[in-house]
Amino acid sequence: MTIYFIGAGPGDPELITVKGQRLLRACPVILYAGSLVPEAVLEGHCAERVINTAELRLEQIITLIREAHAKGQDVARVHSGDPSLYGAIGEQIRHLRALDIPFKIIPGVTATSACAALLEAELTLPGVSQTVILTRYASSSEMPEGEALEDLARHHATLAIHLAVKHLERIVETLLPHYGSDCPIAVVHRASWPDQEQVSGTLADILDKVRGKGFRRTALILVGQVLAAEHFADSRLYHKNTLHLFRPQQA
């Protein structure tokens, strides 16, 4: 018996991995985060029990897992995006280890990847940015020391800010001194869902563009020059003078 933490992807049911889909369809018990995982992801399952955990507390979820374990049933524990990012699986894993219940993590497509695809952007461009910082905005709980947004902004890296759209005004104020008013920014709502929507602009005008959209949750903020860069060096990977194991010197 195994608990499979499965990344369902950002919303589009076709963005779950082949492995994740195969395991989901094989497990007799499915526990899925229904607030973020669409039911379409579950199509084709043959589970005996399918439970939406959106309204459950951690203790209730662990009880369901223990019941399945006692029956020798595999469990598909389905989270949105990639479960290792803001998936709250760490606290579940801590309980499973204490109970000696085996588990495996099946990675998934992240919301950041889905947003980049929608924006037709590469988040790491030569000479522009080679670093992507995935973070959130301090609200209900404080950020660890050194991880406040103003600290991260000093790196001038590409930023992917989760769980923060309602704090957009304060985010812009924080980033302006470091990135400048002309820095590109995009707010993507429900990336890869049928009703996905995105607003692009600069730190100078994004607030006006986003006002009235009603974005409250399931939105991600991307910031960085990569979103609008046109003049950047070609990657050395495919350069004619770059030699490596798969492209040795021609005789």
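A few points on the structure. (Residues numbered from 1 in each chain as written. Predicted model: local features only at pLDDT ≥ 70, side-chain atom pairs only at ≥ 80, totals over all residues. Heavy atoms only, no water.)

**Here we look at a nonpolar patch on the surface**
So, point 1. On the surface, L85, Y86, L134 and L163 cluster together into a nonpolar patch covering about 350 Å² of accessible area.
So, point 2. Within the secondary structure, L85 sits in the loop between β4 (75–79) and α3 (89–99). (Patch = residues over 30% accessible without salt bridge, like charges linked within 9 Å, V, L, I, M, F, W, Y side chains within 5 Å. Areas by Shrake-Rupley, 256 points an atom, 1.4 Å probe, with all protein chains shown as cover. Salt bridge = Lys/Arg side-chain N within 4 Å of Asp/Glu carboxyl O. Helix = DSSP H or I, 4+ residues; strand = E, 2+ residues; numbered from the N terminus.)

**Focus: the sheet that holds strand β5 (residues 103–106)**
So, point 1. Ordered in space as β3-β2-β4-β1-β5, the 5 strands form an open sheet in which the pairing is parallel. Two strands close off the open sheet at either side, each with one partner strand: β3 (49–52) and β5. Going from strand to strand, the sheet's axes swing by 15° on average, the running direction of each strand aside.
So, point 2. With 4 bridges joining them, strand β2 (residues 29–32) and β4 adopt parallel strand pairing. Counterpart to I30 in the pairing with β4 is A76.
So, point 3. Contacting β1 (3–7), β2, β4 and β5, helix α1 (residues 18–26) crosses the sheet at an angle of about 135° to β1. (Pairing = 2+ DSSP bridges. Axes fitted to C-alpha atoms, helices over the stretch in contact; angles between N-to-C directions. Contact = heavy atoms within 4.5 Å.)

**So, the layout of surface pockets**
So, point 1. The volume enclosed by the largest pocket comes to roughly 1100 Å³.
So, point 2. Every residue lining the largest pocket is counted, 39 residues in all, and those nearest its centre are S35, L36, S80, Y86 and L163.
So, point 3. Among the secondary structure elements, those contributing two or more residues to the lining of the largest pocket are α2 (58–70), β4, α3, α4 (111–118) and β10 (219–223).
So, point 4. Residue composition of the lining of the largest pocket, by class: 20 nonpolar, 11 polar and 8 charged.
So, point 5. Taken together, domain 1 (3–106) and domain 2 (111–227) each give at least three residues to the lining of the largest pocket, which thus spans both.
So, point 6. Estimates place the volume of the second largest pocket at around 240 Å³.
So, point 7. If you trace the second largest pocket, you find 14 residues lining it, with V165, K166, L168, V210 and R216 closest to the centre.
So, point 8. The dominant element in the lining of the second largest pocket, judged by the number of residues it contributes, is helix α6 (residues 168–179), at 3 residues. (1 Å grid on protein atoms, 1.4 Å probe; cavity = no way out; pocket = protein on both sides within 12 Å on 5 of 7 lines; lining within 4 Å. Points joined across faces, edges and corners; volume = space filled by probe spheres on them. Nonpolar A, V, L, I, M, F, W, Y, C, P; charged D, E, K, R; others polar. Domains from an automatic or database assignment.)

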